[in-house]
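Below are the chains, spelled out letter by letter.
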Amino acid sequence: MAFQVAYHTDIGIKKKTNQDGMLLKTAKTPQGEVGLFVICDGMGGLSHGELASATVIRGISEWFDDELPPLLESEMAEKEIPVKLEARVRELNAKILAYGEASGIKLGTTITALFILYSQYFVMQIGDSRAYSINDKLMKLTEDQTLVERELQMGNITAEQARIDPRRNVLLQCVGATKDINIVITTGEVKHETMYMLCTDGFYHEVTDSEMQTSLNPVNFEDERKMKDKIVELVELAKERLETDNISVLLAKVI
């Protein structure tokens, strides 16, 4: 197993800083290649959101370099890796929260992390950045932890109302805002020639599911350059539709 990867991030048409963060890490093992892909959407105004997302990205990158190698040698790797990764996120949550309290500021970040371990993947979710799988169909692998998503699940609003609801950016939780966080971890089977996509809300608010499915079908991408060109094209489309947030997309195709 190996990966084709591509990513693109854009400050957007309104904001003065890009508070999104991304991480792409792969490692070769005797059993094949493993990959960790992370996307964060920071919040807190000025540079505070950027600090929160960068802190999470740096902390997880260090975990990959320092703590993952011995875990990969363990016979219990499939069980231990998500537990240890969750523990690192909780440490980073406490670190960001303590900094905010000491500085008298509020800051935080979403995190959506995808770990591909041979034939299995793990998705870790806090906030409203998303993970998708794309092959002959588009499948959303995460549930937005937002007020609007909760209203939708309760049947109080329709999907069309949720798409344009002015409260759609109101998060129920994020990393760095509260002491207790509910980290949602889901798992699934990895299939060859499947594309996995992580994106911030600035992307999926303006690019429809059908456009994602049509434009990002993995059979169309035999190299990373074409993947990159296509996501740049879609990000520009989101900007043309007047998306005001930062916009970030990360693709990983399993080959």
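A few points on the structure. Note that the coordinates shown come from a computational prediction; the quantities given were computed from them, not determined experimentally.

About the thresholds
Residues numbered from 1 in each chain as written. Predicted model: local features only at pLDDT ≥ 70, side-chain atom pairs only at ≥ 80, totals over all residues. Heavy atoms only, no water. Helix = DSSP H or I, 4+ residues; strand = E, 2+ residues; numbered from the N terminus. Rg over C-alpha atoms; globule rule 2.2 N^0.38 Å. Buried < 20%, exposed > 50% of the residue type's maximum accessible area, 1.4 Å probe, protein only. Contact = heavy atoms within 4.5 Å. Areas by Shrake-Rupley, 256 points an atom, 1.4 Å probe, with all protein chains shown as cover. Lys, Arg positive; Asp, Glu negative; His and termini not counted. Charge placed at Lys NZ, Arg CZ, Asp CG, Glu CD. Pairing = 2+ DSSP bridges. Axes fitted to C-alpha atoms, helices over the stretch in contact; angles between N-to-C directions. Expected span 1.5 Å × (residues − 1). Arc of directions from axis to C-beta. Polar contact = N/O pair within 3.5 Å; in protein donor to acceptor, adjacent residues only side chain to side chain. Salt bridge = Lys/Arg side-chain N within 4 Å of Asp/Glu carboxyl O.

**A look at the overall build of the protein**
Point 1. Across its full length, the protein carries eight helices and eleven strands.
Point 2. Radius of gyration (C-alpha) of the protein: 18 Å, near the 18 Å computed for a compact globule of 255 residues.
Point 3. Projected onto its principal axes, the C-alpha positions of the protein cover 50 × 45 × 35 Å.
Point 4. Buried residues in the protein amount to 53% of all 255 residues.
Point 5. Summarising the internal contacts of the protein: among those between residues at least 6 apart in sequence, 72% fall at separations of at least 24.
Point 6. When the accessible surface of the protein is summed, it comes to about 12000 Å², and 52% of that surface belongs to carbon and sulfur atoms.
Point 7. Of note, the protein has its 28 positive side-chain charges centred 3 Å away from the centre of its 40 negative side-chain charges.

**Section: the sheet that holds strand β11 (residues 247–254)**
Point 1. Read from one edge of the open sheet, five strands run β1-β11-β10-β7-β8, paired in antiparallel fashion. Bordering the open sheet on either side are β1 (3–10) and β8 (138–140), each of which pairs with just one other strand. Averaged over all pairs of adjacent strands, the angle between their axes in this sheet comes to 15°, without regard to strand direction.
Point 2. In terms of strand pairing, strand β7 (residues 130–134) meets strand β10 (residues 195–199) through five bridges, oriented antiparallel. Residue Ile134 lies in a different strand from β10, and its bridge partner there is Met195.
Point 3. Most of the contacts of helix α8 (residues 224–240) go to β1, to which it runs at about 25°, and overall it touches β1, β10 and β11.

**Digging into α8**
Residues three or four positions apart in an α-helix share a direction because the helix packs 3.6 residues into each turn.
Point 1. For α8, spanning 17 residues, the distance from its first C-alpha to its last is 24 Å, which sits close to the expected 24 Å at 1.5 Å a residue.
Point 2. Taken residue by residue, α8 has Met227, Ile231, Leu234, Val235, Ala238 and Lys239 as its buried positions. All buried residues of α8 project into a common sector of 150° when viewed along the axis, lining one side. Residues Arg225 and Glu240 are exposed on α8 and point more than 90 degrees away from its buried face.
Point 3. On its buried face, α8 is in contact with β1, β10, α6 (201–204), α7 (209–215) and β11.
Point 4. Where α8 starts, the residue carrying a side-chain oxygen 3.1 Å from the main-chain nitrogen of Arg225 turns out to be Asp223.
Point 5. Positive backbone phi, approximately 70°, marks Leu242, located one or two places after α8.

**Here's the deal with the pattern of salt bridges**
Point 1. If you walk through the whole model with that rule in mind, you get 16 salt bridges.
Point 2. Its salt-bridge partner being Glu67, residue Arg88 comes within 2.7 Å of it at the nearest N-O pair. Of this pair, Arg88 sits in helix α3 (residues 77–103) while Glu67 is found in the loop between α1 (48–66) and α2 (68–72), placing the two residues 21 residues apart along the sequence.
Point 3. Accessibility expressed as a relative area gives 14% for Arg88, which makes it buried.
Point 4. Of the charged contacts, one joins Lys140 and Glu143 as a salt bridge, the two residues approaching to 3.7 Å between their closest N and O atoms.
Point 5. Using a relative accessible area of 32% as the deciding quantity, one classes Lys140 as partly exposed.
Point 6. Take Glu143: its relative accessible area is 47%, and that puts it in the partly exposed class.
Point 7. Salt bridges here are not isolated pairs; linked through shared partners, they connect Asp10, Glu236 and Lys239.

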